[in-house]
Every structure is written in C-alpha cells, then in structure tokens.
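# Notes for the structure review
If you want the building blocks of each chain, they are given just below.
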Amino acid sequence: MTFWFFVLGVPLFGYGLFTVLKPQLATRFLLAFPRNRTAAQVLCAAAWLWTAYEIDTIGIEVFDRIVRRLWFFSSDIPGMVWILAIILTVLTCLWMENLLSLRALSALLMLFPAELFPAVRLCDTPWRLTLVVFAYICAVTGMIGMFYPWHLRRLLTWRAAKPSRVLAFGATYLAIGALFLVLGTLSATHAIT
C-alpha cells in the first residue's frame, strides 16, 4: 500500500504544485496536451507495453488463441505478446495520431487499477479505500476517454478557459497528492497498516 500511495501521490502533488505555482504555463500545457506528439508516443508505448505485461501475466486464453492463429507468426516464438505490443505501438502512432495522447493516457488510467487492487485488498485499514475510490474514478475516466477523447479535450479546454478553474483543479490535485504522500509516509512507518 505504501508503494501505491507514493506512486500516485508524487505525480499528483508535483502536477498540482506546478499548476498552482505556474498557472499560465499549466494552461498552455492543458491546451497543447491532446495533440502533443511526443507525449502521445511515450504514453502509447507505455500503454501497449503495460497491456502486453497484463496479457502475459494473466494468460488470457482468448489472446493466446489469437496469437497462435496468426498465419505469419509461429506460436513457438517466445515473447510474442511483447513483439505484438511493439508493432502495435508503431502502427498506433502512425495511423491514430488524432488525440492519441488522451487515448494513451486513458489506457494507463484503465490499466493501473489491475495492479493496485490486489495489492491493497488485504490491507486492514479503511485508508485503503482512498486508493480504491481514486482508482475507480481513474478507470471510469479512462473508459470515457478511450472511446470519447474529444470529451476529455473539451474538458481540458473548459478548464483552461478561466484561471480560477486552472487553480481550483491544481489545488485539488495538490491536496490529493499531499494526502497520498502523508498516508504513504504513515504506511511506511506502520502507523497505518
């Protein structure tokens, strides 16, 4: 649980602090992010590789059958799922550039709860629910963003339209990040288990 408090708390706190201290720069970032090519490529690669990891770890039979039936691949090639993830990363970046950074971020928002839930399930503290609720919010946001990325782009544009909104969202991220960092510290010192 300590790990997840810090993994989520550090970027949330950092982004919130950046937004509160540099609202004009944060506004430019919000407006540019949906079509940022570098962010799209990095996040897309991370999303496809994480997907390959989940498929490889879980061993979903449907995907195993698909890989075995590909006529141009032998099923005996080790790491076939990883090879396909690399190929799909390149193809996605080439053919799905429109709002790809939002789609890739949405994929990551849907993927991380699969690792978080088993890790915090057995923790005997009600504070674990902060992580669980946050993960569910991220997963639902990811599902919406994957299929309707233009809605996320419109939300970012709406947020960037007024400095008060930018600061309000930044302060919210800062507060959630600070909460997670405090809870992570308490968890690391065994003040909460």
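In what follows, the structure referred to is the one given above.
All of the points below concern the structure found in this document.

What counts as what
Residues numbered from 1 in each chain as written. Predicted model: local features only at pLDDT ≥ 70, side-chain atom pairs only at ≥ 80, totals over all residues. Heavy atoms only, no water. Salt bridge = Lys/Arg side-chain N within 4 Å of Asp/Glu carboxyl O. Helix = DSSP H or I, 4+ residues; strand = E, 2+ residues; numbered from the N terminus. Buried < 20%, exposed > 50% of the residue type's maximum accessible area, 1.4 Å probe, protein only. Axes fitted to C-alpha atoms, helices over the stretch in contact; angles between N-to-C directions. Parallel < 35°, antiparallel > 145°, perpendicular 65-115°, else oblique. Left-handed = near helix turned anticlockwise from the far one by under 90°. Contact = heavy atoms within 4.5 Å. Nonpolar A, V, L, I, M, F, W, Y, C, P; charged D, E, K, R; others polar. Core = buried A, V, L, I, M, F, W, Y, C linked by side-chain atoms within 4.5 Å. Phe/Tyr/Trp six-rings, centres within 6.5 Å; stacked < 30°, edge-to-face > 60°.

## Comments concerning the pattern of salt bridges
In the structure shown here, the tally under the stated rule is 1 salt bridge. A salt bridge links Arg37 to Glu97, with the shortest nitrogen-to-oxygen separation between them at 2.6 Å. On the criterion of sequence distance, the pair formed by Arg37 in helix α3 (residues 37-58) and Glu97 in the loop between α5 (80-95) and α6 (100-121) is long-range, its members being 60 residues apart. Judged by its relative accessible area of 53%, Arg37 falls in the exposed class. On the accessibility criterion, Glu97 (42% relative accessible area) is partly exposed.

## Some words on the packing of helix α2 (residues 23-32) against helix α8 (residues 149-161)
For the pair α2 and α8, the least separation of the axes is 9 Å and the interaxial angle reads 160°. When the axes of α2 and α8 are compared, the pair comes out roughly antiparallel. Pair α2 / α8 crosses with left-handed handedness. Of α8, the residues touching α2 (which contributes Thr27, Leu30 and Leu31) are Leu156, Thr157, Arg159 and Ala160. Each residue belonging to the contact of α2 with α8 can be placed in one class, and the counts come to 4 nonpolar, 2 polar and 1 charged.

## Describing the nonpolar core
Side chains of nonpolar character tend, in soluble globular proteins, to be buried together. Formed by 20 residues in total, the largest nonpolar core has its most connected members in Leu30, Phe33, Leu43, Cys44, Leu100, Leu102 and Leu156. Contributing elements (two or more residues each) for this core: α2, α3, α6 and α8. Among all residues touching Phe33, those that are not within four sequence positions of it are Ala39, Leu43, Ser101, Leu102, Leu105 and Leu156. One finds Trp4, Phe112, Cys123 and Val132 within the second-largest nonpolar core, a separate group that totals 17 residues.

## Describing unusual backbone geometry
Positive phi values are uncommon outside glycine, yet Leu99 reaches one of about 55°. Considering the arrangement of structural elements, one finds Leu99 in the loop between α5 and α6. When its relative accessible area of 2% is taken as the criterion, Leu99 is described as buried. At His190, a residue that is not glycine, the phi angle is positive and equals roughly 65°.

## Focus on the packing of aromatic side chains
Taken as a whole, this structure holds 10 aromatic pairs when the rule is applied. A centroid spacing of 5.3 Å and a plane angle of 70° characterise the contact between Tyr15 and Tyr173, whose relative ring orientation is edge-to-face. Here the residue Tyr15 occupies a position in helix α1 (residues 2-21), and Tyr173 occupies one in helix α9 (residues 163-188), the gap between them amounting to 158 residues. On the basis of relative accessible area, Tyr173 is assigned to the partly exposed category, the value being 26%. Here a set of aromatic residues connected by ring pairs shows up, and it is made of Tyr15, Phe29, Phe33 and Tyr173.

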